[in-house]
Amino acid sequence: MASTDATEFQLSVLSPGGRDLEQYFDEPVAPGAPGHPPINLHAFAACTGGSFHRMTKNAIEEKRPILLLLRGNFRATERALTECQKEKRTVAVALKETGLHQIAEQLRDPRKLARFMRIVAQANGCVATTPEVAEIFRRARPERDTNSVAFVPTPYPLEDKQWNFVVPPNEQSGIFVGTREWDVPSRNHFAALLLAREICQNSGEPVTVFNLDGRKGEKLLGELNFPPGKLRIHDKSEPYPDYLREVARHKIVLQLDRSRVPGQVAGDALLCRTICVGGDGAIDRLAFPNFCGEGRTTAQLKTLALELLKNTAVRATAIVETQWRAAERMSFQAVRKQLAVFFERIEKGVIDPQPTLPIIPR
């Protein structure tokens, strides 16, 4: 890469042996188009006009810097790293699953941990989608080389009008529960539902939840005794654009997730031009610092949620502020620039300190 000009930078994302198909992002991807939406790790390819691969040889042939995903048991990742570096490609690695509970599950196996340590040490650098993962990478890297780690939030196509699912604030109604996993303790789905019920009782606003657990999930929801007619249940998965349209109809998205994930629930709220309350993902903390769960009690979150539900002007102002923060930190343009600067630095082997993206203070 000859220059830090972000407009010239393209990235190949490689998930060796993964299930996602090859995908090229030469043109913006419209909602509902074939292939993966330009979100999550695919978004690193999409924001740079790059490509997403499952075959190592195809990523190498692109002759671009490579973001290599640590996935599965890490065997395929280690082989891919060797092949890419043999062909003189600049390679940064990133964890595919980054919730703290997911990392703990992956690295409790001694063999996987050994592979992880080798891969992280040998790569040119590491890209972390949460500050917590960045700290893990820094401590796993050789001490002399810890500045080749960057925290870069997963980008969202906020500039693309096709991905603007806005509904005017005065046409929005109710609370959308952003979590759906009963069996992952850190998701706190049950607690989020109890909070949603209480807010519903105080505000009269209806609550929407997705139940993909069939009869078991239906029975669990039935035990919560929401006010009659106030709980709306979706029991089937929807295409991503339709899901976003559903989210956008709500005044707020509510969750109590404490998994320290990248924050797709909050990212979806950004595309929907609504407010996400209560999560602690990276995007929650960056885009929604005044409403996230970081350092707040459930009672405080309830107060914030009620104010947003009752006051259209307050909610409209909050939406403008969160969109501004997101444009500065995690729009396609912003993240493309971050990636261009970072990959040039690790390609040249520069190890001078480079500030990582900060969490916006409350």
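Report follows, based on the coordinates.

Conventions adopted
Residues numbered from 1 in each chain as written. Predicted model: local features only at pLDDT ≥ 70, side-chain atom pairs only at ≥ 80, totals over all residues. Heavy atoms only, no water. Helix = DSSP H or I, 4+ residues; strand = E, 2+ residues; numbered from the N terminus. Expected span 1.5 Å × (residues − 1). Contact = heavy atoms within 4.5 Å. 1 Å grid on protein atoms, 1.4 Å probe; cavity = no way out; pocket = protein on both sides within 12 Å on 5 of 7 lines; lining within 4 Å. Points joined across faces, edges and corners; volume = space filled by probe spheres on them. Nonpolar A, V, L, I, M, F, W, Y, C, P; charged D, E, K, R; others polar. Buried < 20%, exposed > 50% of the residue type's maximum accessible area, 1.4 Å probe, protein only. Lys, Arg positive; Asp, Glu negative; His and termini not counted. Salt bridge = Lys/Arg side-chain N within 4 Å of Asp/Glu carboxyl O. Polar contact = N/O pair within 3.5 Å; in protein donor to acceptor, adjacent residues only side chain to side chain. Pairing = 2+ DSSP bridges. Axes fitted to C-alpha atoms, helices over the stretch in contact; angles between N-to-C directions.

1. Quick word on helix α3 (residues 75–86)
1) Next: A rise of 1.5 Å per residue sets the reference length of α3, with its 12 residues, at 16 Å; its end C-alpha atoms lie 17 Å apart and thus fit the reference within 8%.
2) Next: In the core, the buried residues of α3 are packed alongside β1 (12–14), α2 (56–61), β4 (66–70), β5 (91–95) and α5 (110–122).
3) Next: Positive phi shows up at K88, right after α3, with a value of about 65°.

2. Quick look at the layout of surface pockets
1) Next: Empty space within the largest pocket amounts to approximately 1400 Å³.
2) Next: Lining of the largest pocket is provided by 48 residues; of these, N40, E97, Q102, R187 and Q264 occupy positions nearest its centre.
3) Next: Mapped by element, the contributors of at least two residues to the lining of the largest pocket are α4 (100–106), α9 (240–248) and α10 (264–271).
4) Next: With three residues, α10 is the largest single contributor of residues to the lining of the largest pocket.
5) Next: Each residue belonging to the lining of the largest pocket can be placed in one class, and the counts come to 14 nonpolar, 20 polar and 14 charged.

3. What about the side chain of R296?
1) Next: Assignment of secondary structure puts R296 in the loop between α11 (282–287) and α12 (298–310).
2) Next: This buried residue, R296, is left without a salt bridge; E294 holds the nearest opposite charge, at 8.4 Å.
3) Next: At 3.2 Å, the side chain of R296 forms a polar contact with the backbone oxygen of N290.

4. Overview of helix α14 (residues 332–348)
1) Next: If you check α14, its first and last C-alpha atoms are 24 Å apart, about what 17 residues at 1.5 Å a residue would give, namely 24 Å.
2) Next: Along α14, the residues classified as buried are F332, A334, V335, R336, L339, A340, F342, F343, E344, R345 and I346.
3) Next: Its buried side turned inward, α14 meets α1 (42–46), β4, β5, β6 (125–128), β7 (149–151) and α13 (312–329).

5. What to know about the sheet that holds strand β8 (residues 175–177)
1) Next: The strand order across the open sheet built from five strands is β10-β9-β8-β11-β12, with neighbouring strands paired in parallel fashion. The strands lining the two open edges of the sheet, one partner per strand, are β10 (231–234) and β12 (275–277). Adjacent strand axes in the sheet meet at a mean angle of 25°, parallel and antiparallel pairs treated alike.
2) Next: Bridge count for β8 against strand β9 (residues 207–210) is two bridges, and the pairing is parallel. Looking at β9, one finds that F176 is bridged to T208.

6. Quick notes on the sheet that holds strand β3 (residues 51–53)
1) Next: Pairing within the open sheet is mixed, and its seven strands lie in the order β2-β3-β1-β4-β5-β6-β7. Lying at the two open borders of the sheet, with one neighbouring strand each, are β2 (23–24) and β7.
2) Next: Pairing of β5 with β6 involves two bridges; the strand directions are parallel. From the neighbouring strand, A92 faces β6, where its bridge partner is G125.

Distances and angles like these do not, on their own, reveal function.
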